[in-house]
Amino acid sequence: MREAIKEAEAGMRGGRGGPFGCVIVRKGEVIARGNNRVTSTNDPTAHAEVTAIRAACSTLKTFQLADCELYTSCEPCPMCLAAIYWARIPQVFYGNTRADAAAIGFDDDFIYQQIPLPPDQRAIAMKPFLRDESLATFQAWAAKTDKVRY
């Protein structure tokens with residue numbers, strides 16, 4: 001966790017983004033590091049956890065991190081939490097809570113409230129469009145014999 005906190009400090013002091021850091025550990029060894037780079041890269045997805053997951057997957061040449069642990073300086077936001085689930089990381093340790101983040105201007109509560117709503121009730125307009133045409137690709141995937149499942 002101290003390494004994740006150091007990443008948060010380095011990223012913040014280096015002007016890369018907000019005060020968030022993350023490390024991914026495998027078999028007791030740090031294999032990837034990340035800090036928030038949203039403002040320096042103009043990438044709203046460049047959160048510390050996402051940058052660390054990308055680095056770990058690149059290092060290990062895999063898209064699943066099922067034998068890793070993630071240490072992050074703050075409770076993951078909804079996007080990072082989803083990325084953690086997609087990466088199959090079984091254990092997360094966090095320092096600050098999402099309430100602590102909200103207290104300094106990083107409030108994800110609105111997103112947490114939006115997720116369980118049906119798409120037509122969310123603040124962002126979401127409307128089905130060309131579903132029949134879109135289904136063709138899904139049908140091709142279902143029939144594909146050499147697909148890599150994830």
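For the structure itself, look to the data block above.
Being a predicted model, the structure only gives us computed values, none of them experimental.

### Concerning the sheet that holds strand 3 (residues 68–74)
Stage number 1. Spatial strand order, 2-1-3-4: 4 strands in an open sheet with mixed pairing. The open sheet is flanked by strand 2 (29–35) and strand 4 (91–96), the only strands paired with a single partner. Direction aside, the axes of adjacent strands within the sheet are offset by 15° on average.
Stage number 2. In this structure, strand 1 (residues 21–26) lies alongside strand 3, joined through 5 bridges in antiparallel fashion. Looking at the pairing, Ile24 lines up with Leu70 of strand 3.

### Looking at helix 4 (residues 78–87)
Stage number 1. Looking only at helix 4, the buried set comprises Pro78, Cys80, Ile84 and Ala87.
Stage number 2. On its buried face, helix 4 sits against helix 3 (48–60), strand 3, strand 4 and helix 6 (109–114).
Stage number 3. Arg88 lies just past helix 4 and shows a positive phi near 65°.

### A short note on the environment of Phe106
Stage number 1. Note that Phe106 resides in the loop between helix 5 (98–103) and helix 6.
Stage number 2. On the basis of relative accessibility, which here comes to 34%, the residue Phe106 falls in the partly exposed class.
Stage number 3. Taking the C-alpha atoms as reference points, Phe106 and Glu69, separated by 37 residues in sequence, lie 24 Å from one another.

The rules behind these values
- Residues numbered from 1 in each chain as written.
- Predicted model: local features only at pLDDT ≥ 70, side-chain atom pairs only at ≥ 80, totals over all residues.
- Heavy atoms only, no water.
- Pairing = 2+ DSSP bridges.
- Helix = DSSP H or I, 4+ residues; strand = E, 2+ residues; numbered from the N terminus.
- Axes fitted to C-alpha atoms, helices over the stretch in contact; angles between N-to-C directions.
- Buried < 20%, exposed > 50% of the residue type's maximum accessible area, 1.4 Å probe, protein only.
- Contact = heavy atoms within 4.5 Å.

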